[in-house]
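Residue strings, one per chain:
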Amino acid sequence: MADNKEMKEVYDYIVVGAGVQGSFTAYQLAKKKKKTLLLEQFTVPHTRGSSHGQTRMIRKAYEQDLYTLMMDEGYELWATLEREAGVTLFRRTGLLVMGPEKSQSYIGFKNSLEKNKIPMVVLTRENFHQHIPNVVLADGDGAFVDTTAGILYADRALKVVQGQFEKLGGVLQDQEKVTDIKPGPMVTVTTSAGVYQAKGVVITAGPWANRVLLHTGIQLPLQVVKINVCYWKEKIADTYHVKKRFPCFLLSEGEEAKDHIYGLPSNEYPGLMKICYHSGSQTDPDQRDKQTDKSEIDILRRYITKHLPGLIPEPAVVESCMYTVTPDHHFVLDCHPAYDNIVIGAGFSGHGFKFGPIIGKLLCELSLGEMPSYDLSPFRMARFQTIIKSPL
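Presented here is a report on the structure given in the accompanying data block. (Residues numbered from 1 in each chain as written. Predicted model: local features only at pLDDT ≥ 70, side-chain atom pairs only at ≥ 80, totals over all residues. Heavy atoms only, no water.)

**Thoughts on the packing of helix H2 (residues 20–31) against helix H3 (residues 65–85)**
Okay, so step 1: For the pair H2 and H3, the least separation of the axes is 14 Å and the interaxial angle reads 70°. Here H3 runs roughly perpendicular to H2, going by the angle between their axes. Note that H2 runs across H3; the crossing there is left-handed. Contact with H2, carried on its side by Phe24, Tyr27 and Lys31, involves Trp78, Leu81 and Glu84 of H3 and no other residues of that element.
Okay, so step 2: By residue class, the composition of the contact of H2 with H3 is four nonpolar, no polar and two charged. (Axes fitted to C-alpha atoms, helices over the stretch in contact; angles between N-to-C directions. Helix = DSSP H or I, 4+ residues; strand = E, 2+ residues; numbered from the N terminus. Parallel < 35°, antiparallel > 145°, perpendicular 65-115°, else oblique. Left-handed = near helix turned anticlockwise from the far one by under 90°. Contact = heavy atoms within 4.5 Å. Nonpolar A, V, L, I, M, F, W, Y, C, P; charged D, E, K, R; others polar.)

This is how it looks when you write it as structure tokens:
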């Protein structure tokens, strides 16, 4: 391998990290006829990062208008990929949003949909049970349905976008961990298997973002947390099944839940419904399974006992995922402060999967020096007090 390390292959762009954001970025660059290399440290597909799993939620219900507006195009781009590949990636279910009627968070979700004219149905305490059986609405909670929302088939989507990237002539190299990045007019990227050069590099390394960024002389205020992805068994089969038109749901906050609780109808595993707490405990991404804190599962148990009486309040399956969280829970989409041919996509904070096609487009635009399609000021690194610059 030592001889191979001396051999440099030259690309237009190198994307580091083949999760959903990196894969869509590479796909967009390849669509622009750029010779693109997509690097992944693990074997593809894998369950070590943040993009695995059978399903993710897609929604326009957000407290911030910017995300609601971005998802307008997001839906179109997901549909484009479905048409290109001839594969179904989205199933509409609707999203039931619940929360204390007078709370800032619940009002924010509702106002954003109303203001942006997103189709929605507001439920009253009188008609709630008729529309949403087998859920008990908490006292003082309001409820509405974002009728545009649904499920994305995540594993399938990742495989499809990587396949489309390769069809466009892109090169995907897995089992290649980045060991060094030397900035310059041509960026040199050294991996465990070779050395490559490119006019530009995009870093979308998920929980490993800061380890890769260290080679470029900066560190961002990112926290990696382990999420316990829980599946709960139906007492009677299909009570909460997608084919019974049970929706996804999001509880903005609850009696004990300071963060969101969210759920997807039973579909992935027969008779099991996915319900998770939108928070977790800090972890080292290379030692993820040593993090055994399950305190948030107690919050879910209590919530399910009171509000989802058709489920056994003990998780039948617990899987793992990681969030890479910024202090304000908004993404990082920006050029490196010292090298404008190094672009960074990071800190997707557990709500980035649905934005994959849009983020890919934006990171591609930043790489090519084009005017971004959206105002990226909320996603710039300048908002952080603590970008640590370290000597290279």
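**Considering the packing of aromatic side chains**
Okay, so step 1: According to the stated counting rule, one finds 18 aromatic pairs in the structure shown.
Okay, so step 2: Ring geometry for Phe331 versus Phe355: centroids 5.4 Å apart, planes at 70°, classification edge-to-face. Residue Phe331 is found in the loop between strand S19 (311–325) and strand S20 (332–335), and its partner Phe355 is found in the loop between strand S21 (342–346) and helix H9 (356–367); the two are separated by 24 residues along the sequence. With respect to class, Phe331 is no different from Phe355; both count as buried.
Okay, so step 3: The ring of Tyr75 is capped by Lys60, whose NZ or CZ atom sits 4.9 Å from the centre of that ring. (Phe/Tyr/Trp six-rings, centres within 6.5 Å; stacked < 30°, edge-to-face > 60°. Buried < 20%, exposed > 50% of the residue type's maximum accessible area, 1.4 Å probe, protein only. Lys NZ or Arg CZ within 6 Å of the ring centre and 35° of its normal.)

**Points about the packing of H2 against H9**
Okay, so step 1: Remark: H2 packs on H9, axes separated minimally by 7 Å, with the N-to-C direction vectors making an angle of 55°. In terms of axis orientation, H2 runs oblique to H9. Once H2 is placed against H9, the crossing between them reads as right-handed. Taking contact as the criterion, the partners of Val20, Gln21, Phe24, Thr25, Gln28 and Leu29 in H2 are, on H9, Gly356, Pro357, Ile359, Gly360, Lys361, Leu363, Cys364 and Ser367.
Okay, so step 2: Broken down by class, the residue content of the contact of H2 with H9 amounts to seven nonpolar, six polar and one charged.

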